[in-house]
Amino acid sequence: MSHAALVNVGLWYIIVVQPILLVVFVWAVSRAPSGPPDSPGHPAPEPLAPQVSAPRSPEPAMLAARAPWPPADAEQPGQTGYVGRHATRGGPPWGPAPKPPGVAW
């Protein structure tokens, strides 16, 4: 098929088929029941239950302040040589990026 024939088929699909599909979809949604098949159409509203005041819960106790988390490069006693996966020693394993040629910074 030539390029012009493909473009004509594509435009026909966009201009004719897509709007037809849209109309069919909107029609199907508007005709669909609003609930499951076994539910009643519009149930009668039930009377509201009387409002009962619940007893107030006591205020939450303040948590004791903990020591701040140690920095990633600080070694803990008994854990010599351990470095977590999230931390690196001395920075990233690569150096600074090279400057592009011809740029004066």
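Each value, and the rule that gives it
- Residues numbered from 1 in each chain as written.
- Predicted model: local features only at pLDDT ≥ 70, side-chain atom pairs only at ≥ 80, totals over all residues.
- Heavy atoms only, no water.
- Helix = DSSP H or I, 4+ residues; strand = E, 2+ residues; numbered from the N terminus.
- Buried < 20%, exposed > 50% of the residue type's maximum accessible area, 1.4 Å probe, protein only.
- Areas by Shrake-Rupley, 256 points an atom, 1.4 Å probe, with all protein chains shown as cover.
- Expected span 1.5 Å × (residues − 1).
- Bend = angle between axes of the 7 residues up to and from the residue.
- Patch = residues over 30% accessible without salt bridge, like charges linked within 9 Å, V, L, I, M, F, W, Y side chains within 5 Å.
- Salt bridge = Lys/Arg side-chain N within 4 Å of Asp/Glu carboxyl O.

Novice: Explanation requested: the overall build of the protein in the structure shown.
Specialist: For the protein, the helix and strand inventory stands at one helix and zero strands. The proportion of buried residues among the 105 residues of the protein is 3%. Carbon and sulfur atoms provide 67% of the accessible area of the protein, an area that totals close to 10900 Å².

Novice: Could you clarify how one ought to interpret helix α1 (residues 3–31) in this entry?
Specialist: Because each turn of an α-helix spans 3.6 residues, side chains separated by three or four positions end up pointing in the same direction. Its 29 residues place the ends of α1 41 Å apart at the C-alpha level, agreeing with the 42 Å of an ideal helix rising 1.5 Å per residue. Its maximal kink placed at Tyr-13, α1 deviates by approximately 30 degrees.

Novice: Explain a nonpolar patch on the surface to me, please; I cannot follow it from the model alone.
Specialist: Where nonpolar side chains cluster on the molecular surface, the patch consists of Val-7, Leu-11, Trp-12, Tyr-13, Ile-14, Ile-15 and Leu-21 and spans about 720 Å² of accessible area. Among the secondary structure elements, Ile-14 is positioned in helix α1. Judged by its relative accessible area of 54%, Ile-14 is exposed.

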